[in-house]
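# Remarks on the overall topology
Listed here are the chains, written in short residue letters.
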Amino acid sequence: MFKHARFFALFVFFFSSVSFASAYYFLEKEQTDSELSDFPLVLGKQRYFFGSDAGCVGEATVTVGLENERPSIEAEMNFRVKLFEKKLEIPAEFTAHFNALNQLGGSFFSMKFADVVVVFGTTNISPIRLSLQVRKSESLLFKKELSLPGPVEIRHQGGGLYELAFPESVQTLSGRVPPVLEGLLPAVERNTGSNCVESREYWDLAPLLEYEKLLPANPFRFLGELE
Amino acid sequence: MIRELFLLLKPRMYAFKNRWRGTRRGRAVFQDLIAVTLLAILLGSIFQGSYEALQYLDRFRSLAYLSASHLFSVVALGLFVMSFLSNAVLALGSLYLSHDLDLLLSSPVHFLQLFVGRLVQTFVLSSWMPFLFLFPMLVGFGLYEQAPWYYYIILPLFVGLFLLIPTALSFIVVTSALLVLPKKRGRKGRYVFFILLGVTGYLIAGLIKVEVRHLTSAEQFLRLIQIVSLPNAHWLPSYWLSEILERLLYQREIALHEVVLLLSTTLWLLSLAYLFLDRYYRRALQRLESFRSEVVLSGRSRFLEFIPSSILPTAQRAFLEKDIRLLVRDFAQLIQLVILCALSWVYLYNLRIFKGLETVPVSVRFGWEHFVAITNITIGAFLITAIGLRFVYPSLSLEGRAYWNLLSSPLGIPRLLKMKFWFWYPPVCFIACCFFALGSVAMGAPFKILLSSVFAAAIITYGIVGIALGCGAYFANFEWEHPTELIGSFGGLIFILLSISFISLCCLPSTLFVYLQVRSLQPDQFANWSNGELSLVSVVILVSLCVLTTRVGVRIGEKELLRRMS
């Protein structure tokens, strides 16, 4: 052993260098690939477009602000949906506030179609308390409260670009969404929705409703009220 | 094969075994009991503190989420830095200043045996104390978060791996530093010293003058917490360890990448350290020997002559001159002094963030001012403990075999200890006063608080130097292999335990004293209370406590030295 100590040390040196490099590469890849959302946010006001197979089905104006070094997101959205042969324009609003540690402190989402109001809000940092309510003319149609592991963080990627980072358990949860269902959701594009001016299409919710039983607590039940 | 590899550790292991082998009776049992009790109290406090810290963070959760791993990553990062510095000093001692090196290098011992022996020795001496203090913290986290049983087995192994990194790193850094050391002491060395001094002065000046961004709200204070508590760089070993802790604690999937990174970094540094030392060890040793041999023996032999003999009698003067010369020539002591100064500077520099306290809302400012002033005193007291441990505690043992020469001089043991005390008290007091005063200036504290802090520094230093000297005399070891091993000894631990107990006791009157000073600055608050009387009482308690501690400490050490002679 003593005779070959140098060779042994050299072998350990190269072996550990390779394992370090590969482990670090995978760690970095894991951090950048899976933890961050695919939805980059830009400081200031930006327009986004929602595209489905049919074409452009909605627009959103997202404002990422930085007040006292605390990031905030405000969004105004407009969706065009088709349900039971009805064509609807659905306005929606979303607000999210982050603390100085860039952790999501609270968020609020509301959308209204006909006389149905869908409200979705989160409070607390970890665990995140999530509340979903659907009301029609002051009467509660659906209510669900959930507790999700937190925190959700907004990370500055440099150059005024921000991305949301979700805890691993939330990623696992989102990974369980069937790919078929994921394909039915509209994709988000930034500043490239020029076709929205030319073709204002409607997002058909009927295929989505077929999968409602896959989701917990039957959240789309209220849509029947529209009929 | 393994036995041969650890050949050089055998004498150490036998010495350790024999210390506990014989039946211990009477006084020895009583001393052990005191040590065990103090240790149990300290470990219990760390456990309780970490448990309560998590409870506190839970209450804080609606404002910000900070998990156990966040808290642990801060501790781990601090531990890593401290451990590296401690390892650097010990590596210098064990690799280059040890007395047995001449024998070992001329004997048929393979370099791998020498390397492994010194590595394990440095690792054990530098890590046993951090490990001991970290363990109750990890248990506190585990119990609070209801961790699985394997958490308590696996995590200590990773902590061990983590602590091996600074040991291996220190071997490489110390050897590299010695390779660039000038061959002779002379102008070049002096220039380097003055440049370093100039840079330090400039930084201290900057510390006082520089404008810092004020804390304007609780939210900005949160950002401050983020800076301090989220060392989230993926390349830091402390990050890997805290990730491993989190996964184990919350029973999540194993952090495979972090485990591989920790393991491969440890192996990488160990192999690199071996290869590097195998190539450059002897050259570095020669460089150091050449540097050390250039001791200037000429020049003014009596540089304290200007002090009249009515103030400083001849025997005492000779003794002080000897100690000053030895301190200046001692390479290990100088390195430690530089490290401590660097650490103090980092702390003071970071204290500037509290300069903006005046912008904090009045309703919470009073509490914050009080908290910051007491924190400054406590951290300052720990700095004095560090100085005491590295300089005052080993000062008697460092006399080595020359101790008997001192005993044959006209100085008796009581006077010898008194001289040692007065040799160390003024410089340590000066450093402590500067540290406390700069801390107060950095925080933007009023002049009254600055004066109170300086007064507290002078008094607390008196007590800690007394304890250090007493412990140093009681646990005196004149047969050390290298001077730095004295710091990591059992006596060193006892000194730390006693010093922490003393600081805790001192904190009560100090807290009261500073509290009264801060309160007197608050407009129209508690106007009817007599601050003067209460301040006087707290000062009297503080002074009495320090004087009593020093007297008792030195007396016990003195008795032990006399007992050894008889």
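See the structure printed just above.
Bear in mind the structure is a predicted one, so any value in this text is a computation, not a measurement. (Residues numbered from 1 in each chain as written. Chains lettered and ligands numbered in written order. Predicted model: local features only at pLDDT ≥ 70, side-chain atom pairs only at ≥ 80, totals over all residues. Heavy atoms only, no water.)

Let us look at the overall build of chain B. Each helix and strand counted, chain B has 19 helices and zero strands in total. Burial status across chain B gives 51% buried among its 566 residues. Looking at chain B alone, contacts between residues at least 24 apart form 84% of all its contacts between residues at least 6 apart. Summing over all exposed atoms, chain B offers an accessible surface of approximately 27,800 Å²; the carbon and sulfur share of this is 68%. (Helix = DSSP H or I, 4+ residues; strand = E, 2+ residues; numbered from the N terminus. Buried < 20%, exposed > 50% of the residue type's maximum accessible area, 1.4 Å probe, protein only. Contact = heavy atoms within 4.5 Å. Areas by Shrake-Rupley, 256 points an atom, 1.4 Å probe, with all protein chains shown as cover.)

Moving on: the overall build of chain A. Scanning chain A for helices and strands turns up five helices and 13 strands. Counting all 227 residues of chain A, 40% fall into the buried class. Pairs at least 24 apart in sequence give 41% of the contacts found in chain A among residues at least 6 apart. Put simply, chain A shows about 12,800 Å² of open surface, and 58% of that area lies on carbon and sulfur atoms.

Taken together, the 35 residues of chain B in the interface contact 32 residues of chain A. With both sides pooled, the region where chain B packs onto chain A buries about 3,300 Å², and carbon together with sulfur makes up 64% of that total. Taken together, the connections running from chain B to chain A amount to one salt bridge. Across the pair B:D278 and A:R6 runs a salt bridge, and its minimum N-O distance is 2.4 Å. Applying the counting rule to chain B against chain A returns three residue pairs in polar contact (both at pLDDT 80 or more). Secondary-structure elements contributing two or more residues to the side of chain B that touches chain A are α1 (2–5), α6 (111–144), α9 (218–229), α10 (237–249) and α11 (256–293) of chain B. Among the elements that take part in the side of chain B that touches chain A, α11(B) stands out by supplying 13 residues, more than any other. When grouped by side-chain class, the residues that make up the side of chain B that touches chain A number 18 nonpolar, nine polar and eight charged. (Buried area = accessible area lost by both parts, 1.4 Å probe. Salt bridge = Lys/Arg side-chain N within 4 Å of Asp/Glu carboxyl O. Polar contact = N/O pair within 3.5 Å; in protein donor to acceptor, adjacent residues only side chain to side chain. Nonpolar A, V, L, I, M, F, W, Y, C, P; charged D, E, K, R; others polar.)

By convention here, two paired aromatic rings are described through the distance between centres and the angle between planes. All told, the structure shown has 32 aromatic pairs over all chains when counted by the stated rule. For the pair A:F11 and A:F15, a centre-to-centre distance of 6.1 Å together with 15° between the ring planes defines the contact as stacked. Taken together, the residues A:F11 and A:F15, both in helix α1 (residues 5–35) and four residues apart, mark about one turn of the helix. Residues B:F391 and B:W424 carry aromatic rings whose centres are separated by 6.0 Å and whose planes lie at 40° to one another, so their mutual orientation is tilted. On the criterion of sequence distance, the pair formed by B:F391 in helix α14 (residues 362–392) and B:W424 in helix α16 (residues 413–443) is long-range, its members being 33 residues apart. Neither residue differs from the other here; B:F391 and B:W424 are each classed as buried. Through a chain of ring-to-ring contacts, the aromatic side chains of B:Y96, B:F111, B:F115, B:F171, B:Y274 and B:Y281 assemble into a single cluster. A cation over an aromatic ring shows up here: B:R279 above the ring of B:Y280, its NZ or CZ 5.3 Å from the ring centre. (Phe/Tyr/Trp six-rings, centres within 6.5 Å; stacked < 30°, edge-to-face > 60°. Lys NZ or Arg CZ within 6 Å of the ring centre and 35° of its normal.)

Before going further, it helps to examine the nonpolar core. All names here are of chain B. One finds Y96, F115, F141, Y151, L178, L262 and Y281 to be the most contacted residues of the largest nonpolar core, which totals 79 residues. With 15 residues, helix α7 (residues 151–179) is the single largest residue contributor to this core. Leaving out residues up to four positions away in the same chain, L262 has contacts with F158, L161, F162, I165, P237, W240, L241 and I244. (Core = buried A, V, L, I, M, F, W, Y, C linked by side-chain atoms within 4.5 Å.)

Okay, the pairing of strand β9 (residues 139–148) of chain A next. The pairing of strand β8 (residues 128–136) of chain A with β9(A) spans nine bridges and is classified as antiparallel. Bridge pairing in β9(A) places A:K136 opposite A:S139. (Pairing = 2+ DSSP bridges.)

Now for the sheet that holds strand β10 (residues 153–158) of chain A. Residue and element names in this part refer to chain A. The three strands lie next to each other as β1-β11-β10, forming an open sheet whose pairing is antiparallel. This sheet does not close on itself; its edge strands, each paired only once, are β1 (41–42) and β10. The sheet contact formed by β1 and strand β11 (residues 161–165) spans two bridges and is antiparallel. Looking across to β11, one finds that L41 is bridged to Y162.

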